[in-house]
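Close look at the chain arrangement
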Amino acid sequence: MAGEEGGAALGRAADKLFSLSGLFAVRKPKGPTSAAVLNLLKERLLAEAGVQTNGNKRNQVLKIGHGGTLDSAATGVLVVGIGKGTKMLGTMLAGSKKYTAIGMLGKATDTLDATGKVTEEKPYDQVTKGDLENVLQKFTGDIMQVPPLYSALKKDGERLSTLMKRGEAVEAKPARPVRVYSLSLQQFQPPLFTLDVECGGGFYVRSLVNDIGKELSTCATVQELTRTKQGPFTLEEHALHEDKWTIDEIARSLEHCTALLLGEPARKKLKTEHPGETAVICE
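- Going by what an unreviewed UniProt entry lists, the protein is known as Pseudouridylate synthase TRUB1 and is assigned to Chaetops frenatus.
- The Sequence similarities (unreviewed entry) comment attached to the protein in UniProt states, word for word, "Belongs to the pseudouridine synthase TruB family."

As structure tokens, this is what we get:
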């Protein structure tokens, strides 16, 4: 009897899992790619529901995706769509995002963050807090930005970062319009500085910090990056920690987030779409 009860409980868990639909947020840890986080989440849910993944057709029914890649070295809000929610992920790409970034003056790397090889070192002693605050004004509003070579943007169907790691020659993508809603200096302890930025789709904080370094006649690279908000989802209130990646917790989160999405004000989109960015969905 115990075996039958266990089987029935697993059956109910599987039914509940496959009925989940909507958007919720998880907290991406530092290290894995966004796609790896998504795969781990999916594995956890299928294992909890007792669904065998090997050769089981039912595995194909669980649709799950994320709305906007976070660098592997970054942490923070990763918006996830499940079931019919995967069709809503496109709106997350175009929506507003908030980041906290710690930059370092005096060093540049090939990836524009701490994971890359140092390509340049320059003195930074001349830079004052006032200099930095003045420069930020140039990067607020509608600006043009060149995306990093190490990015999820694609050339001939392959990510630029994959081509770069293989040692292939990659040309920089042309500068494109991006929108910065707000940009402020939170801390300045040379060589480190902390920025809060709210931006639209297609924006790269790594490129911003690199450009700030150049504008200050030195160089700069991102040391730490955290996405604190995406659309209406905030890191503090809505992003599920790994210990809460369960069917019941996600069901609760989906209920809460449905109300959240209804109250989200629409942001005006830039006329230029960024075709290199897509919501990642796996089935």
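**Looking at the overall build of the protein**
- When helices and strands are counted, the protein shows 7 helices and 15 strands.
- Out of the 283 residues belonging to the protein, those deemed buried represent 43%.
- A separation threshold of at least 6 residues defines the contact pool for the protein, and within that pool the share at least 24 residues apart is 74%.
- Accessible surface for the protein amounts to roughly 14400 Å². Of this, 51% is attributable to carbon and sulfur atoms.

**What to know about unusual backbone geometry**
- Note the cis peptide between proline 190 and proline 191, where omega equals 10°.
- Within the secondary structure layout, proline 191 lies in the loop between strand E10 (176-189) and strand E11 (192-199).
- Non-glycine residue leucine 112 carries a positive phi angle of around 70°.
- Summarising the element assignment, leucine 112 is placed in the loop between strand E5 (107-109) and strand E6 (118-121).

**Description of the UniProt feature "domain: tRNA pseudouridylate synthase B C-terminal" (unreviewed entry) in the protein**
- Those places that UniProt annotates as "domain: tRNA pseudouridylate synthase B C-terminal" (unreviewed entry) correspond, in this numbering, to residues 206-241.
- Summarising residues 206-241: 28% helix, 42% strand, and an end-to-end C-alpha distance of 25 Å.

**Observations regarding the pairing of strand E4 (residues 97-105)**
- Only one face of E4 is buried: it carries Lys97, Tyr99, Ala101, Gly103 and Leu105, and the other face, with Lys98, Thr100, Ile102 and Met104, is open.
- Across 8 bridges, E4 lies against E11 in antiparallel orientation. When the bridges of E11 are listed, glycine 103 appears paired with phenylalanine 193.
- Sheet topology places E4 next to strand E12 (residues 220-230); 9 bridges connect them, and they run antiparallel.

**Some words on the environment of leucine 149**
- Inspection of the secondary structure puts leucine 149 in the loop between strand E7 (141-145) and strand E8 (154-155).
- A sequence separation of 38 residues divides leucine 149 from threonine 111, and the C-alpha atoms of the two residues are 7.3 Å apart.

**Observations regarding helix H7 (residues 247-262)**
- Here H7 spans 23 Å end to end across 16 residues, near enough to the 22 Å set by a 1.5 Å rise per residue.
- Among the residues making up H7, those that are buried are Ile247, Ile250, Ala251, Ser253, Leu254 and Cys257.

So, how was this worked out
Residues numbered from 1 in each chain as written. Predicted model: local features only at pLDDT ≥ 70, side-chain atom pairs only at ≥ 80, totals over all residues. Heavy atoms only, no water. UniProt positions renumbered as here; feature names shortened; annotations may be inferred. Helix = DSSP H or I, 4+ residues; strand = E, 2+ residues; numbered from the N terminus. Buried < 20%, exposed > 50% of the residue type's maximum accessible area, 1.4 Å probe, protein only. Contact = heavy atoms within 4.5 Å. Areas by Shrake-Rupley, 256 points an atom, 1.4 Å probe, with all protein chains shown as cover. Pairing = 2+ DSSP bridges. Expected span 1.5 Å × (residues − 1).

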